[in-house]
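Chain residues, written in single-letter form:
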Amino acid sequence: MALDFEGKEPLYRQLASILRGQIASGQIPPGRRLPSKLSIRQEYGVSQNTTERALQLLREEGLIETSMGRGLFVTQPEDRPKPQAGQD
């Protein structure tokens, strides 16, 4: 999936959506390391700031976690926060 550089949705949200889809589909399964930030930037043609903001969204959602010195990893489903009642 490609980013829409002319679209209304911010690039970091588009990038987060692409990565979220890859996690949900199992393309990047639980426990697997994500590509490096540099690889993500190069693959999608985005800035460091865009990449960081997208990854921060996924961290806040509990989909990924940072392992110091090792990289970013997809969390196990049982380790993810459960949605609160009334939230989607």
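Everything here concerns the structure above.
An account of the accompanying structure is given in this report. Keep in mind it's a predicted model, so treat the numbers as computed, not measured.

Reading the values: rules and limits
- Residues numbered from 1 in each chain as written.
- Predicted model: local features only at pLDDT ≥ 70, side-chain atom pairs only at ≥ 80, totals over all residues.
- Heavy atoms only, no water.
- Helix = DSSP H or I, 4+ residues; strand = E, 2+ residues; numbered from the N terminus.
- Buried < 20%, exposed > 50% of the residue type's maximum accessible area, 1.4 Å probe, protein only.
- Polar contact = N/O pair within 3.5 Å; in protein donor to acceptor, adjacent residues only side chain to side chain.
- Core = buried A, V, L, I, M, F, W, Y, C linked by side-chain atoms within 4.5 Å.
- Contact = heavy atoms within 4.5 Å.
- Salt bridge = Lys/Arg side-chain N within 4 Å of Asp/Glu carboxyl O.
- Phe/Tyr/Trp six-rings, centres within 6.5 Å; stacked < 30°, edge-to-face > 60°.
- Lys NZ or Arg CZ within 6 Å of the ring centre and 35° of its normal.
- Pairing = 2+ DSSP bridges.

## Concerning the side chain of Thr-75
Then, number 1: When you line up the elements, Thr-75 lands in the segment after strand 2 (71-74).
Then, number 2: Note on Thr-75: relative accessible area 5%, which makes it buried.
Then, number 3: There is a polar contact of 2.6 Å between the side chain of Thr-75 and the backbone oxygen of Gly-62.

## Remarks on the nonpolar core
Then, number 1: By size, the foremost hydrophobic cluster in this structure holds 20 residues, and its most contacted members are Leu-15, Leu-34, Tyr-44, Leu-55 and Ile-64.
Then, number 2: If you list the elements that add at least two residues to this core, you get helix 1 (11-24), helix 2 (37-44), helix 3 (48-60) and strand 2.
Then, number 3: Looking at which element gives the most residues to this core, the answer is helix 1, with six residues.
Then, number 4: Sequence-distant contacts of Leu-15, that is, excluding residues within four places in its chain, are made with Leu-3, Ile-40, Tyr-44, Val-46, Thr-50, Thr-51 and Ala-54.

## Regarding the environment of Ser-36
Then, number 1: Structurally, Ser-36 is set in the loop between helix 1 and helix 2.
Then, number 2: Overall, Ser-36 belongs to the partly exposed group, its relative accessible area being 40%.
Then, number 3: Spatially, the C-alpha atom of Ser-36 lies 10 Å from that of Thr-51, the residues being 15 residues apart in sequence.
Then, number 4: Polar contacts involving the side chain of Ser-36 include one to the side chain of Ser-39, which spans 2.9 Å.

## Remarks on the pattern of salt bridges
Then, number 1: A complete count under the given rule lists two salt bridges for this structure.
Then, number 2: One salt bridge in this structure joins Glu-61 and Arg-20, with 2.8 Å as the shortest N-O distance. With a gap of 41 residues between them, Glu-61 in the loop between helix 3 and strand 1 (64-67) and Arg-20 in helix 1 connect regions that are remote in the sequence.
Then, number 3: Classification of Glu-61 as partly exposed rests on a relative accessible area of 33%.
Then, number 4: Of the charged contacts, one joins Glu-52 and Lys-37 as a salt bridge, the two residues approaching to 3.0 Å between their closest N and O atoms. One end of the pair, Glu-52, is in helix 3; the other, Lys-37, is in helix 2, and 15 residues separate them in sequence.
Then, number 5: When its relative accessible area of 30% is taken as the criterion, Lys-37 is described as partly exposed.

## As for the packing of aromatic side chains
Then, number 1: Across all of its chains, the model carries zero aromatic pairs by this definition.
Then, number 2: In this structure, Arg-53 is placed above the aromatic ring of Tyr-12, and the distance from its NZ or CZ to the ring centre is 3.9 Å.

## Overview of the pairing of strand 1
The side chains of a regular strand alternate between both faces of the sheet.
Then, number 1: Here strand 1 runs beside strand 2; their pairing, made up of four bridges, is antiparallel. If you follow Ser-67 over to strand 2, its bridge partner there is Gly-71.

All we've got here are geometric facts, nothing functional implied.
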